[in-house]
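Each chain is listed here by its residues.
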Amino acid sequence: MEQDKTRQDKTRQDIVNLRAIAILTVVFGHSIIIYSDKWSLYTTNQSSVFLSRIKDVINVVQMPLFFSISGFCILYSLKKNQKFLKFIKGKFNRIIIPFFVVGLAWLYPLRMLAHYAPYKASPLIVIFKYIICGFDNGHLWFLPTLFIMLIITYLINLLIPFDCSRISFCIFCCLCACLAQGIPSSLPYLRQFGTNYIWFVLGLIVHLHFSEVKAMRISLKIIAAVLTLASLLAVFCGFDSRIFSCIASALCVLTGYALMSNKRNLILSRISRNSMGMYLFHSPLVYLAYCYLPNINPFLMLLINFLGFGTISYFVTGFIRRVNLGFIIGE
């Protein structure tokens with residue numbers, strides 16, 4: 001009992017809550033992507049401008065928030081001062097093994113079952129080029145990209161330890177994030193690294209200055225919340241600008257950390273605990289609905305994908321944990 005209490009005291013409940021909200025956002029976005037005017041892998045004779053605009057808003061929030069949480073949490077690993085090989089081994093087990101297992105044993109067969117056109121090529125091409133190399137592996141691109149970010153940040157910390165010079169560490173990370181923007185687009189994971197490393201860096205900067213973020217005056221937090229809502233409303237109304245989207249993403253991330261409650265919520269805690277599995281298992285399932293039920297009412301599609309497949313992915317995660325196959329979900 002004492003060990004459980006100690007573990008609970010060390011838990012950052014605000015980050016737990018934020019992670020739960022992040023995965024719910026991702027699951028919701030995957031559940032309605034067929035109605036997005038920026039997605040055409042499956043077609044439907046139904047349309048929903050509302051859901052398409054909601055997906056635009058989710059696109060602004062989901063990956064910046066997810067990567068920032070990973071950046072926030074890496075400092076816990078860096079504080080352990082692990083040797084490089086031990087650090088790599090731990091992250092490999094946590095991230096890359098689930099990537100291979102889910103990619104080959106879940107994503108591939110479900111996409112074949114959903115008659116996913118690009119996967120009609122030779123199995124070797126699909127497995128090596130599309131899934132492993134990342135040219136068409138759906139949501140799984142996040143995992144190798146995150147692995148690269150973790151390695152780069154570990155190496156930066158070797159050069160400029162954050163516990164010796166926080167300012168220099170942050171500046172160097174920001175410099176790397178800016179330089180990464182020019183990585184060739186022909187390299188999928190490196191391209192995604194270049195696009196998203198800035199959000200990872202934002203998360204670790206927030207961690208290093210978290211007391212200042214939380215100590216913001218109520219008036220400033222209200223202003224931040226209003227600006228965030230206004231920016232998301234502009235995105236919903238169709239305002240399309242890369243610079244504006246980046247500003248909106250940054251506002252969402254910073255406001256999320258500033259306002260998130262540190263009180264434990266049982267539902268959010270359970271969702272957060274299963275967030276890795278939900279991320280891994282949910283997206284391939286929705287392709288079944290998009291293949292076999294593409295023309296149903298959009299809100300029925302949402303119900304099936306978000307509540308139905310979301311619940312399935314949640315319980316599949318719990319089942320894997322109970323049968324001691326936690327390595328599949330990085331545990």
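Cut-offs used in this document
Residues numbered from 1 in each chain as written. Predicted model: local features only at pLDDT ≥ 70, side-chain atom pairs only at ≥ 80, totals over all residues. Heavy atoms only, no water. Axes fitted to C-alpha atoms, helices over the stretch in contact; angles between N-to-C directions. Helix = DSSP H or I, 4+ residues; strand = E, 2+ residues; numbered from the N terminus. Parallel < 35°, antiparallel > 145°, perpendicular 65-115°, else oblique. Left-handed = near helix turned anticlockwise from the far one by under 90°. Contact = heavy atoms within 4.5 Å. Nonpolar A, V, L, I, M, F, W, Y, C, P; charged D, E, K, R; others polar. Disulfide = S-S within 2.5 Å. Salt bridge = Lys/Arg side-chain N within 4 Å of Asp/Glu carboxyl O. Buried < 20%, exposed > 50% of the residue type's maximum accessible area, 1.4 Å probe, protein only.

Asker: Can you help me understand the packing of helix α6 (residues 142–159) against helix α7 (residues 166–179) in this one?
Answerer: The description of two packed helices rests on the angle between their axes and on the distance between the axes. Across the interface, α6 lies against α7 with an axial gap of 10 Å and an inter-helix angle of 140°. Viewed along their axes, α6 and α7 adopt a mutual orientation that is oblique. For the crossing formed where α6 meets α7, the hand is right-handed. When α6 is examined against α7, the residues Thr 153, Ile 156 and Asn 157 are found in contact with a partner set consisting of Phe 169, Phe 172, Cys 173 and Cys 176. Of the residues belonging to the contact of α6 with α7, the class tally is 5 nonpolar, 2 polar and no charged.

Asker: Honestly, the state of the cysteines in this entry has me stumped. Any pointers?
Answerer: This structure, assessed with the given rule, holds 0 disulfides. Looking at the unpaired Cys 170, the closest cysteine sulfur is the one in Cys 174, lying at 6.5 Å. Cys 178 supplies the cysteine sulfur nearest to Cys 246, a cysteine that is in no disulfide, at a spacing of 11 Å.

Asker: When you look at the pattern of salt bridges in this model, what are you seeing that I'm missing?
Answerer: Side-chain pairs of opposite charge can arise whenever the charged atoms involved come near each other. This structure, assessed with the given rule, holds 5 salt bridges. The salt bridge involving Arg 12 is made with Asp 14; its shortest N-O contact spans 3.0 Å. Judged by its relative accessible area of 25%, Arg 12 is partly exposed. Residue Arg 321 pairs with Glu 331 through a salt bridge whose shortest N-O separation is 2.8 Å. You can see Arg 321 sitting in helix α14 (residues 298–322) and its partner Glu 331 sitting in the segment after α14, a full 10 residues away along the chain. By relative accessible area, which is 49% here, Glu 331 ends up partly exposed. Here the salt bridges share partners, and the residues they tie into one network are Asp 37, Lys 38 and Asp 56.

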